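Structural features, examined
Below, each chain spelled out in residue letters.
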Amino acid sequence: ATARARDPLPCARFDSARVLLVTFANQRAARRAWWAAARLTEHRVPSARPLAVVFAPRAWMALEFSDAAQLCSQPRGARALRSLGRLCALLGDRALDVRAGVGLPFAVDAHGEVVLAAVDDIVRAKPRACSLEFARALDLAGLSLAKLTRRERAAFALGFLNGVPRGVGERARVRAELRHG
């Protein structure tokens with residue numbers, strides 16, 4: 001399956017059920033994406049593991065998923081939204097902000113869990129009082145709170161709340177934010 005994306009990641013395709021090959025317009029974009037994949041792995045964020053990178057004659061990298069996976073433009077369903085909430089919580093906890101120039105930054109594994117696929121960069125995020133990054137995470141997935149069913153919203157909240165330890169006050173703010181959108 002080939003997925004067309006905006007530059008700097010113009011093409012991503014699966015070489016096998018677990019290995020994603022991503023080509024780049026230039027070496028600089030390949031280095032940024034490689035570094036981003038390595039940082040996600042170091043921070044133990046559910047993502048594809050960097051496997052190999054080549055800079056010439058054409059820049060590309062190979063990413064490996066722990067299970068068979070498929071690129072996904074809009075993760076849907078309770079399991080996918082729960083794992084997206086967990087992913088959101090982990091990124092917020094580690095103060096990481098994903099820059100996804102690729103059209104399909106997510107993959108869904110054989111168990112229905114959402115993981116990050118190829119992203120073009122990661123930057124240090126500013127600390128937030130409540131780590132509420134719902135809009136940003138859902139926007140990356142092409143979703144919004146208004147588009148989610150009540151069940152999907154509850155699954156997203158559960159994943160977010162279970163993603164990292166939170167205090168009683170922060171858990172209440174998260175619930176209120178997700179309940180009232």
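For the structure, check the block above.
Keep in mind that what you see is a predicted model, and the values were worked out from it rather than measured.

1. Describing helix α4 (residues 150-163)
The end-to-end C-alpha distance of α4, which contains 14 residues, comes to 20 Å, matching closely the 20 Å that a straight helix rising 1.5 Å per residue would cover. By the burial criterion, the buried members of α4 are Glu 152, Arg 153, Ala 155, Phe 156, Ala 157, Gly 159, Phe 160, Leu 161 and Gly 163.

2. Re helix α2 (residues 78-93)
Between its first and last C-alpha atoms α2 spans 22 Å; for 16 residues at 1.5 Å apiece the expected length is 22 Å, and the two agree. Turning to α2, its buried residues are Ala 78, Ala 80, Leu 81, Ser 83, Leu 84, Gly 85, Leu 87, Cys 88, Ala 89, Leu 90 and Leu 91. The positive-phi residue at the C-terminal boundary of α2 is Ala 95, with phi of around 55°.

3. Comments concerning the environment of Ala 80
Tracing the sequence through the fold places Ala 80 in helix α2. Residues Ala 80 and Val 115 lie 35 residues apart in sequence; the distance between their C-alpha atoms is 9.2 Å. Excluding residues within four positions of it along the chain, Ala 80 makes contact with Pro 75, Gly 112 and Val 114.

4. Structural notes on unusual backbone geometry
Pro 57 follows Ala 56 through a cis peptide bond whose omega is 5°. Among the structural elements, Pro 57 can be located in the loop between β4 (49-54) and β5 (60-64). Positive phi values are uncommon outside glycine, yet Arg 44 reaches one of about 55°. A residue is classified by how much of its surface remains accessible, and Arg 44, at 69% relative accessible area, is exposed. For Ala 95, which is not a glycine, the phi torsion comes out positive at approximately 55°.

5. Notes on the sheet that holds strand β8 (residues 106-109)
On the basis of which strands lie adjacent, the open sheet formed by 3 strands has the order β6-β8-β9 and antiparallel pairing. Of all strands in the sheet, those with a lone pairing partner are β6 (69-72) and β9 (114-116), marking the two edges. The sheet shows a mean angle of 40° between the axes of neighbouring strands, direction not considered. The sheet contact formed by β8 and β9 spans 3 bridges and is antiparallel.

6. Concerning the nonpolar core
With 30 residues, the main nonpolar core has Leu 81, Leu 84, Leu 91, Leu 116 and Leu 138 as its most contacted residues. Sorting the residues of this core by element identifies α1 (27-42), α2, β7 (96-99), β9 and α4 as the ones contributing at least two each. Discounting chain neighbours no more than four positions away, the residues touching Leu 116 are Leu 40, Val 45, Pro 46, Ser 47, Ala 48, Phe 65, Leu 87, Leu 91, Val 98, Pro 105 and Phe 106. In this structure, Ala 30, Met 61, Leu 63 and Val 115 belong to the second largest nonpolar core, which totals 17 residues.

7. Regarding the packing of α2 against α4
One way to put it is that α2 packs onto α4 with a least axis distance of 6 Å and a crossing angle of 35°. Here the hand of the crossing between α2 and α4 comes out right-handed. Of the residues in α4, those in contact with Ala 78, Leu 81, Arg 82, Leu 84, Gly 85, Arg 86, Cys 88, Ala 89 and Leu 90 of α2 are Arg 151, Glu 152, Ala 155, Phe 156, Leu 158, Gly 159, Phe 160 and Gly 163. In terms of residue class, the contact of α2 with α4 is made up of 10 nonpolar, 3 polar and 4 charged.

What counts as what
Position numbers for residues count from 1 along each chain, tracking the sequence in the order it is written. Totals for whole chains, interfaces and linings use every residue, but because this is a predicted model, local features are given only for residues with pLDDT of at least 70 and side-chain atom pairs only at 80 or more, for both listing and counting. Note that water and hydrogens are dropped before the side-chain values are worked out from all heavy atoms of the structure. Put simply, DSSP H or I for four residues or longer makes a helix, DSSP E for two residues or longer makes a strand, and each gets a number counted from the N terminus. Take the residue count of a helix, subtract one, and multiply by 1.5 Å to get its expected span. With a 1.4 Å probe rolled over the protein chains alone, any residue whose accessible area is under 20% of its type maximum counts as buried; one over 50% counts as exposed, and the rest are partly exposed. Every residue pair with non-hydrogen atoms within 4.5 Å of one another is taken to be in contact. Two strands are said to pair when DSSP picks up at least two bridges between them. Interaxial angles span 0 to 180 degrees and are taken between N-to-C directions of axes, which are lines fitted to C-alpha atoms, for helices over the stretch in contact. Here, nonpolar core means buried Ala, Val, Leu, Ile, Met, Phe, Trp, Tyr and Cys residues that are tied together by side-chain atoms lying within 4.5 Å of each other. By definition, any crossing whose near helix is turned counterclockwise from its far helix by less than a right angle is left-handed, and any crossing with a clockwise turn is right-handed. Gly counts as polar in this scheme, as do all residues outside two lists: the nonpolar Ala, Val, Leu, Ile, Met, Phe, Trp, Tyr, Cys and Pro, and the charged Asp, Glu, Lys and Arg.

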